[in-house]
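# Structure at a glance
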Protein chains: 4
Amino acid sequence: MPKEAAAPGPPSAGRARNPHTHQAILDATVALLAEIGYQELSIERVASRAGVGKATIYRWWNSKSALVIEAMAHGMPLAEVPRTGDPRTDLRATIEAALHTLTDTPAGATLPALAADIPRDPATAERIRQFLRPRRDAAREVLHHAAAVGAVPADVDIEAIIDLCVGAIFYRKLVRGVEVDAVMVEQLVSLVLDGQLPRNE
Amino acid sequence: MPKEAAAPGPPSAGRARNPHTHQAILDATVALLAEIGYQELSIERVASRAGVGKATIYRWWNSKSALVIEAMAHGMPLAEVPRTGDPRTDLRATIEAALHTLTDTPAGATLPALAADIPRDPATAERIRQFLRPRRDAAREVLHHAAAVGAVPADVDIEAIIDLCVGAIFYRKLVRGVEVDAVMVEQLVSLVLDGQLPRNE
Amino acid sequence: MPKEAAAPGPPSAGRARNPHTHQAILDATVALLAEIGYQELSIERVASRAGVGKATIYRWWNSKSALVIEAMAHGMPLAEVPRTGDPRTDLRATIEAALHTLTDTPAGATLPALAADIPRDPATAERIRQFLRPRRDAAREVLHHAAAVGAVPADVDIEAIIDLCVGAIFYRKLVRGVEVDAVMVEQLVSLVLDGQLPRNE
Amino acid sequence: MPKEAAAPGPPSAGRARNPHTHQAILDATVALLAEIGYQELSIERVASRAGVGKATIYRWWNSKSALVIEAMAHGMPLAEVPRTGDPRTDLRATIEAALHTLTDTPAGATLPALAADIPRDPATAERIRQFLRPRRDAAREVLHHAAAVGAVPADVDIEAIIDLCVGAIFYRKLVRGVEVDAVMVEQLVSLVLDGQLPRNE
DNA sequence: GGTTAAGCGAGACGGTACGTCCGGTCTTATT
DNA sequence: AATAAGACCGGACGTACCGTCTCGCTTAACC
């Protein structure tokens, strides 16, 4: 997101922003993220790949993390999760989608690095939430429906449930570096819908 | 941990490693971690702070993350969690200790950055687990005891429980940048001991 | 001097050049020259100081040196040298005026930088001469009068005399960085009027 | 000249300076000076041409002018002026050598730019004098000999004579951009040896 | 107890990237 | 049509670190 989104404030003079340039930068960022990862991605490389001056990037984004998050938010498609209406099926699909995003897309590998930037730039937290928002919205709807049909208690804390499920996957896979398998997905589904603590098989 | 702990290679002649130097490096790393954080910490600064040549650091650790994890493992005390024998009390204390570590110590701010290094150097995952191990051991014991006294089912998947609890806190605080309060701790205790999903107050 | 002083091109329609703008640019240039010197002066700063677009400057001057020379020519007053009719007095005053210009005004500090631009843009040489012309005219008149009254030989090469005197001062002060004092002025006066080579005191 | 020539003070530790690197930088500087001139020469280009890191250049020279002057001092040969013992012949040859240096070598085109740096870095003046010193020494000797044999007055101010001759050429050619021909050389010789002011032909 | 190889500090080195400034050019809206 | 504002590409700035490489000194471990 640019330093100032589309503030209609003062009509301002000057040349208008070139939208092609803007898009080229985001595209180059997404491409490099997939190719070389967040750590190796440098503003210099993005500029060169996008055929753009470095200053143009710094004009609109004040840090690598800001650029990357906007690129991810605009350039990484939401997993299309079919909604059946069955709480169990839908919840399982939602968790699997989260697992997929964290495990199989550049976003997964990138999120810890972005999170690491929060202490240095608190605005990063808001940007991360902005990226997560649409994914989280989908999960919230599924749980909301589950509560509506009585599959979970009506006063369940949906935000906490989401943090539990995503957090467990995130932590196991991205922090501890342990593979997350279908068993864990099933454990999470059972936990939410059956109040069943994870058991050993 | 040095590249080769006690390599029995050709002990022919030569000189042994200087333990003072080794310790000075770890101390400087811990100090800098607390002062300026992981991102700003550079090998060069550690060397200068420790009064040591850069090459000496590279001789024993092959990356910043390796050095930092060893420094954290040796230089950051384990929270002393008193054990009462009461599952609820002990579990709450354990979760609070985890929360404290993630929230109030340099380790919390550092973990995401270390995790971000995993894709580049898979050995990092093992090192992170090594740092987490003693903390995790404590939690495992508490849950083991809870299972023994019937406070949780006997066949509960202790590893999954730990990932759930720590993951939820980690994710909410360190990834989403949202404060974690006592309510969440209570929710986690209830979840584990009562099979009670988090509810809104 | 504008690229086309009075371009008689297609005066058809359109709008005339704004003389206020023109003067504001020259004023800003003179001010910045005095404040920060030629090297630090940038078109960007001049534009900003003058409240003018960069393109407006580039439209009328094609280089920093062209702008600065015109600004100096129009914005730096000629030293008022009183003419007594006495060759020695007038010559001394003329040399002192040159010394003053080279030593105590921004022009002195700027001339070497402008000269340095000659190899890149030969037009610079003509512009420099244009700035020097009125100063040189004054000196020429003094020497002309001296020749007329027989204080110097009638066929003396006035241009060479001027280059000798100004060159010696310029070279000693601005190239070698050595202070030029009253002794040197006297040496030059004696050289021209008495044919007396410089002596040690 | 490096920031600290060869100060034998503290024997200092650390790796010794690599003389090949040092020479490669000076060589690249001289080559670029001849090819593209002082203004277009950038530290970046020198580094790349010499196959050297930029920081290595900055370690030993703190500015472009410092580097260029040392390169010129070490990389540009002194004109070999044969000494006959005849004051007129030798003086003429000396002046012609100076004319040659200022007119036909990169040094000439470079000197005004270096001089322009003096106000920003006074140390530049000393560096320029260092470059001029051997050339000036040669001239001084010639004039010294002329004084010894009575071709010029015994108490002549040799430094002033040199500034007069070199200054006149420098100023006419490099500042005013006017060609300097053999006539001027002859005028200078006559001035010094005959006390003859320049005359029109 | 003398020899010797490794440990070590210091720091030079080739690189890469940083974040900034400016040069020139071009576009937009205003006057 | 000339302008103020300012976006844009490109190039260079001077700095910080990276990880590697000498240097010359010190010191433990072996003969």
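The notes below deal with the structure included here. (Residues numbered from 1 in each chain as written. Chains lettered and ligands numbered in written order. Predicted model: local features only at pLDDT ≥ 70, side-chain atom pairs only at ≥ 80, totals over all residues. Heavy atoms only, no water.)

Attention now goes to the pattern of salt bridges. Residues and elements named next belong to chain B. Taken as a whole and assessed by the stated rule, the structure comprises 72 salt bridges over all chains. One salt bridge in this structure joins R140 and D137, with 2.6 Å as the shortest N-O distance. One end of the pair, R140, and the other, D137, are both in helix α7 (residues 123-148), three residues apart, so they sit about a helical turn from each other. (Salt bridge = Lys/Arg side-chain N within 4 Å of Asp/Glu carboxyl O. Helix = DSSP H or I, 4+ residues; strand = E, 2+ residues; numbered from the N terminus.)

When chain B is fitted onto chain A, the two copies agree to an RMSD of 0.1 Å after a turn of 180 degrees and an axial shift of 0.0 Å. Such a combination of rotation and displacement between the chain copies is what one expects of a two-fold axis. Minimal C-alpha separation from the rotation axis in chain B is found for G167 of chain B, amounting to 2.1 Å. (Least-squares fit on C-alpha atoms with pLDDT ≥ 70 in both.)

How big an interface is tends to be stated in terms of the accessible area lost upon association of its parts. Taken together, the contacts link 47 residues of chain C with 47 residues of chain D. Where chain C abuts chain D, roughly 4,200 Å² becomes buried across the two surfaces, and 61% of that area is made up of carbon and sulfur atoms. Of the charged contacts in the structure, one is a salt bridge between R172 of chain C and D163 of chain D, with a shortest N-O distance of 2.5 Å. Put simply, chain C and chain D have 20 residue pairs in polar contact (both at pLDDT 80 or more) between them. Every element with two or more residues in the side of chain C that touches chain D is listed here: α1 (19-40), α6 (106-116), α7 (123-148), α8 (158-175) and α9 (182-194) of chain C. Here the element with the most residues in the side of chain C that touches chain D is α8 of chain C; it accounts for 13 residues. (Contact = heavy atoms within 4.5 Å. Buried area = accessible area lost by both parts, 1.4 Å probe. Polar contact = N/O pair within 3.5 Å; in protein donor to acceptor, adjacent residues only side chain to side chain.)

For the rest of this paragraph, the subject is the packing of aromatic side chains. Under the defined criterion, the tally for this structure stands at six aromatic pairs over all chains. Look at F170 of chain C and F170 of chain D: their rings are 6.0 Å apart centre to centre, the planes differ by 35 degrees, and that puts the pair in the tilted class. On the criterion of chain membership, the pair formed by F170 of chain C in helix α8 and F170 of chain D in helix α8 (residues 158-175) is interchain, its members lying in two chains. Since its relative accessible area comes to 1%, F170 of chain D is described here as buried. Seen in terms of ring centroids, Y171 of chain C and F170 of chain D are 5.7 Å apart; in terms of plane orientation they differ by 55 degrees. Their pairing is tilted. (Phe/Tyr/Trp six-rings, centres within 6.5 Å; stacked < 30°, edge-to-face > 60°. Buried < 20%, exposed > 50% of the residue type's maximum accessible area, 1.4 Å probe, protein only.)

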